[in-house]
Amino acid sequence: MTLISMNTADYDTKLEILNTIKKWETIIIHRHERPDPDALGSQCGLAELIKGTYPDKKVYTAGFDNDNLAFLQKMDPPKKEDYADALVIVTDTANVKRIDGKAYDLSENWIKIDHHPLDDSYGDIEWVNTKASSCSEMIADFWLTFRDELVMTTEAARLLYAGIVGDTNRFLYSGTSSYTMQISAELMNFPFSHTALNNKMNVIKPPVAKLMGYVLENFSVNDQGVGHIILTQETLENMDIGDKDTNGIVSLPGSIEGVKAWGIFVQQVEGHYRCRLRSKGPVINEIAKQHDGGGHPLASGANAKDKSEIEQILGQMTEAAEQWTPEAL
Ligand code: AMP
């Protein structure tokens, strides 16, 4: 069975992106800082798709490596001078401030491909689809739209599949649509082991397992179903854990009965707190925006300068939780 892209509304933008890619010999792909599987999957998946289709083009991937996700791909960074005559594509990144590998501003030609709400417009071409489960889904949709022309490789399929699995939490979150499943099925036709990949993505290091225990034991939930935990630098150091290891515990409180929304507040070396906010329904990205952050309606990030700002965020989340009525089954 051949799928046609359901996302016909974006056809003109996708065609413009394809035609622009064709014109450039050097393409540099960026994504957001602190990359997760979708950031890496969309960035490196697009790079592999372009390389598979146009082997003569030079395609670089920019940003810092996340050692925990090295099994996806390591960066293939450009040199500063490569930007002089290059097209820059940024995937999965809502705002300029969060683009990793800051040399992106050396190019004058930008494309943004993203599935976050459009809060910060940038790029000569902007393709934003907030209905997509993940930016990796958008890249796979791009391939399907032009599948007679674009060459999907097994490596690209593996990366995009990983991105979709990551951002949907294995097809659990509300962004998962029937199209997500169709696209995933198409990617699964390529000969990579999705079982091995799923297992790898599910592995946690022993210190993270200990952190899970700590979070479950010390997590507090108020009467309105808003939970939180503060992870101080001291706690992280005692457990031999770094900020990026908190990826492994962010979704954990969502399984606790009665929890509607929650925040994991991770103290940074400089003293302030990275706020990782999640929700099962109450909209939280508008709250995140008021605290130097942003993100999706149900998965956002922010920054709190001290504990009183954390209290303020929790108060706002509590108001949102009070106003929320869960969907019927
Ligand atoms: P995280 O908790 O870092 O996994 O982030 C959850 C979501 O919020 C992701 O879609 C991020 O792109 C977004 N996000 C996290 N931190 C920020 C920030 N400081 N500003 C804007 N968006 C953010």
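Note that the structure is a prediction, hence the values are computed from the model and not measured. (Residues numbered from 1 in each chain as written. Predicted model: local features only at pLDDT ≥ 70, side-chain atom pairs only at ≥ 80, totals over all residues. Heavy atoms only, no water.)

1. Remarks on empty space enclosed by the protein
Applying the stated rule across the entire model yields one cavity of 30 Å³ or more. One number sums up the size of the largest cavity: a volume of about 30 Å³. Lining the largest cavity are I21, L46, L49, I50, T53, Y54, F142 and L150. Ranked by the residues each element gives to the lining of the largest cavity, the list is headed by helix α2 (residues 37-53), at four residues. Per-class residue counts for the lining of the largest cavity are seven nonpolar, one polar and no charged. (1 Å grid on protein atoms, 1.4 Å probe; cavity = no way out; pocket = protein on both sides within 12 Å on 5 of 7 lines; lining within 4 Å. Points joined across faces, edges and corners; volume = space filled by probe spheres on them. Helix = DSSP H or I, 4+ residues; strand = E, 2+ residues; numbered from the N terminus. Nonpolar A, V, L, I, M, F, W, Y, C, P; charged D, E, K, R; others polar.)

2. Concerning the packing of aromatic side chains
Counted according to the given criterion, the structure contains six aromatic pairs. Note on W143 and F190: the rings are 5.9 Å apart at their centroids and 70° apart in plane angle, and the pair reads as edge-to-face. You can see W143 sitting in helix α3 (residues 135-145) and its partner F190 sitting in the loop between α5 (178-188) and α6 (194-202), a full 47 residues away along the chain. Residue W143 is classed as buried on the basis of its relative accessible area, which comes to 4%. Ring pairing ties together the aromatic residues Y11, W127, F142 and F146, which thus form one cluster. Stacked on the ring of Y54, the Lys or Arg K57 has its end atom at 5.0 Å from the ring centre. (Phe/Tyr/Trp six-rings, centres within 6.5 Å; stacked < 30°, edge-to-face > 60°. Buried < 20%, exposed > 50% of the residue type's maximum accessible area, 1.4 Å probe, protein only. Lys NZ or Arg CZ within 6 Å of the ring centre and 35° of its normal.)

3. Describing the side chain of H291
For H291, the location among the structural elements is in the loop between α9 (285-289) and β10 (294-296). Once residues lying within four places of it in the same chain are set aside, the contact partners of H291 are A302, N303, E309, Q312, I313 and Q316. (Contact = heavy atoms within 4.5 Å.)

4. Remarks on the pattern of salt bridges
Taken as a whole, this structure holds 14 salt bridges when the rule is applied. Two residues, E126 and K112, come together in a salt bridge whose shortest N-O distance is 3.7 Å. On the criterion of sequence distance, the pair formed by E126 in strand β5 (residues 125-128) and K112 in strand β4 (residues 110-114) is long-range, its members being 14 residues apart. On the basis of relative accessible area, E126 is assigned to the partly exposed category, the value being 26%. In this structure K112 comes out as buried when scored by relative accessible area, which is 0%. Among the salt bridges present, the one from E309 reaches K305, with a minimum N-O distance of 3.6 Å. Sharing partners across several salt bridges, the network here consists of R34, D243 and R274. (Salt bridge = Lys/Arg side-chain N within 4 Å of Asp/Glu carboxyl O.)

5. Observations regarding the site of the ligand
Contacts to the ligand come from 15 residues, most closely from R98, H116, R274, R276 and R278. R98 is positioned with one of its side-chain polar atoms (N or O) 2.7 Å from an oxygen atom of the ligand. Take H116: an N or O atom from its side chain is 2.7 Å from an oxygen atom of the ligand. Compared with its free state, where it exposes 480 Å², the ligand has 87% of that area covered by protein. If you list the elements that add at least two residues to the shell around the ligand, you get β9 (273-279), β10 and β11 (299-304). A per-element tally of the shell around the ligand places β11 first, with four residues. Taken together, the residues that form the shell around the ligand break down as one nonpolar, nine polar and five charged. (Near = heavy atom within 4 Å. Polar contact = N/O pair within 3.5 Å; in protein donor to acceptor, adjacent residues only side chain to side chain. Areas by Shrake-Rupley, 256 points an atom, 1.4 Å probe, with all protein chains shown as cover.)

6. Comments concerning the state of the cysteines
On inspection of all chains with the given rule, the structure shows zero disulfides. You can see C44 has no disulfide; the closest cysteine sulfur is in C135, sitting 12 Å from it. A residue is classified by how much of its surface remains accessible, and C44, at 0% relative accessible area, is buried. (Disulfide = S-S within 2.5 Å.)

7. Some points on the pairing of β11
Side chains on a regular strand alternate between the two faces of the sheet. Alternating residues of β11 divide into S300, A302 and A304, all buried, and A299, G301 and N303, none buried. The pairing of β9 with β11 spans six bridges and is antiparallel. Within β11, the residue paired with Y273 across the bridge is A304. Count of turn residues in the β10/β11 antiparallel hairpin: two residues. (Pairing = 2+ DSSP bridges.)

8. As for the sheet that holds strand β6 (residues 220-221)
Strand order in the open sheet formed by six strands is β6-β7-β8-β9-β11-β10, and the pairing between neighbours is mixed. In the strand order of this sheet, the two ends are held by β6 and β10, each with one partner. Strand contacts of helix α7 (residues 206-218): β6 and β7 (226-231), with the helix running at about 130° to β7, the strand carrying the most contacts. Sheet strands in contact with helix α10 (residues 307-323) are β7, β8 (261-267), β9 and β11, and its direction is about 160° off that of β7. (Axes fitted to C-alpha atoms, helices over the stretch in contact; angles between N-to-C directions.)

9. A short note on the packing of helix α1 (residues 11-23) against α3
Orientation of α1 relative to α3, taken along the N-to-C sense of each, is 85°, at an axis distance of 11 Å. It follows that α1 is roughly perpendicular to α3 by the angle criterion. Across the interface between the two elements, Y11, K14, I17, L18 and I21 of α1 pack against D141, F142 and T145 of α3. (Parallel < 35°, antiparallel > 145°, perpendicular 65-115°, else oblique.)

10. Concerning α1
Look at α1: 19 Å from first C-alpha to last across 13 residues, which is about the 18 Å you get at 1.5 Å a residue. Restricting attention to buried positions, one finds in α1 the residues K14, I17, L18, T20 and I21. Seen along its axis, α1 keeps its buried residues to an arc of 165°; they face one direction. Pointing more than 90 degrees away from the buried face of α1 are the exposed residues D12 and K23. (Expected span 1.5 Å × (residues − 1). Arc of directions from axis to C-beta.)

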